[in-house]
Amino acid sequence: MLLFALGFLLVILQPSTGQFPRVCANVQSLLSKECCPPWDGDGSPCGELSNRGSCQNILLSQAPLGPQFPFSGVDDREDWPSVFYNRTCRCEGNFMGFSCGECKFGFSGLNCTERQVKTRRNIFQLTASEKNKFLAYLNLAKNIPSQDYVIATGTYTQMSNGSNPMFRDINVYDLFVWMHYYASRDTLLGGSNVWRDIDFAHEAPGFLPWHRVFLLMWERQIQRITGDENFTIPYWDWRDAEDCEVCNDEYMGGRHPTNPNLLSPASIFSSWQVICTQSEEYNSQQTLCSATSEGPIRRNPGNNDKSRTPRLPSSADVEFCLSLTQYESGPMDKMANYSFRNTLEG
């Protein structure tokens, strides 16, 4: 089922999440290539005094490179995050986070020993107050700066190999928009050259685990800024739907009365500004998305290319996908046949 709120490169490269902890976005951390900040609870790096974790060399895959990405040492996301940091916190037990200051997903409590089970719910089964609270949470996330993370506005080379940090603040919602862009952007090769046949989050075995962690992190950030530890992302079950049932002002915004490509002014989302939509411009300038506003949300459901996507998936499509017994097959990319991952990805 598609989680409507959000939408391993090719088996051979490390998955890239694109996180930059604020406490490590500085000259000292970049030049030392170490991101082992102190845990607030005891003031020691990675909470080592409390046995939460310790500062360790990162572990990289020793798997041989495949032919899909014919470069080495040209992309900051290769063997993530070794270009920026090669020593980070390795957390113990149920602790996680860049300083081992959080509990692993599914756990809570002072020592992260309390098991938590949360259920994501159908958007149409929420009460009016629950639905309005969800929309308010999204709007808050769009308008509150992230306290934990910043984004990179330049590559490591453009940062003079760490001596000239290029980072900026970003709001909590756009942080995850940027992370998704960063993981799937093209590789900048210098001059006007780019490598487009690359994606660290899609069209390979990492598609599902990458997005699972992505959504869990997004939920965690919403929980933190709202204080609502029980928040989960609702989903829209689009099986057999004839049109976009959430595309109205009660939910994700209806169509503008005079411009079908824009949202209705009655929707809270009509005032939102999008970021990271101009990939060709970034490529031509050999730069990264800086998360500056690029105009209002543009959406025209039903105006898609019917030759490519004639309809939303049916119940039969979903059942076929679920019947596939191999998670991955063949070339393990977008050409994989009878691959559960590739079929699910579309």
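Everything below is about the structure shown above.
As the structure is a computational prediction, the values presented were derived from the model and not from experiment.

Visitor: Can you help me understand helix α3 (residues 172-184) in this one?
Guide: Turn by turn, an α-helix covers 3.6 residues, leaving residues three or four places apart pointing in a common direction. With 13 residues, α3 extends 19 Å between its outermost C-alpha atoms, agreeing within 8% with the 18 Å of an ideal straight helix rising 1.5 Å per residue. With respect to burial, α3 is a largely interior element, 10 of its 13 residues being buried. Along α3, the positions that sit buried rather than exposed are Val172, Tyr173, Asp174, Leu175, Phe176, Trp178, Met179, Tyr181, Tyr182 and Ala183. In this structure, the buried residues of α3 make contact with β1 (20-21), α2 (128-143), β9 (149-152), α4 (207-226) and α5 (279-285). The opening residue of α3, the one whose side-chain oxygen lies 3.1 Å from the backbone nitrogen of Tyr173, is Asn171.

Visitor: Can you walk me through the nonpolar core in this structure?
Guide: Nonpolar side chains in soluble globular proteins tend to be buried together. Counting 60 residues, the largest nonpolar core has Phe20, Phe84 and Trp178 as the members making the most contacts within it. When contributions to this core are tallied by element, the ones reaching two or more residues are α2, β9, α3 and α4. A per-element tally of this core places α3 first, with 9 residues. Aside from chain neighbours lying at most four places away, what touches Phe20 is Trp80, Phe84, Tyr85, Asp148, Tyr149, Val150, Ala152, Phe167, Trp178 and Tyr182. Of all hydrophobic cores here, the second largest spans 9 residues; its members include Cys89, Phe95, Cys100 and Cys112.

Visitor: Looking at this structure, how should I read the sheet that holds β1?
Guide: Sheets are built from strands paired through backbone hydrogen bonds, the pairs being either parallel or antiparallel. Read from one edge of the open sheet, 3 strands run β1-β9-β10, paired in antiparallel fashion. Only two strands of the sheet have a single neighbouring strand rather than two, namely β1 and β10 (167-168). Pairing between β9 and β10: 2 bridges, direction antiparallel. Its bridge partner lying in β10, Ala152 is registered against Phe167. Running at roughly 40° to β9, α3 makes contact with β1 and β9 of the sheet.

About the cut-offs
- Residues numbered from 1 in each chain as written.
- Predicted model: local features only at pLDDT ≥ 70, side-chain atom pairs only at ≥ 80, totals over all residues.
- Heavy atoms only, no water.
- Helix = DSSP H or I, 4+ residues; strand = E, 2+ residues; numbered from the N terminus.
- Expected span 1.5 Å × (residues − 1).
- Buried < 20%, exposed > 50% of the residue type's maximum accessible area, 1.4 Å probe, protein only.
- Contact = heavy atoms within 4.5 Å.
- Polar contact = N/O pair within 3.5 Å; in protein donor to acceptor, adjacent residues only side chain to side chain.
- Core = buried A, V, L, I, M, F, W, Y, C linked by side-chain atoms within 4.5 Å.
- Pairing = 2+ DSSP bridges.
- Axes fitted to C-alpha atoms, helices over the stretch in contact; angles between N-to-C directions.

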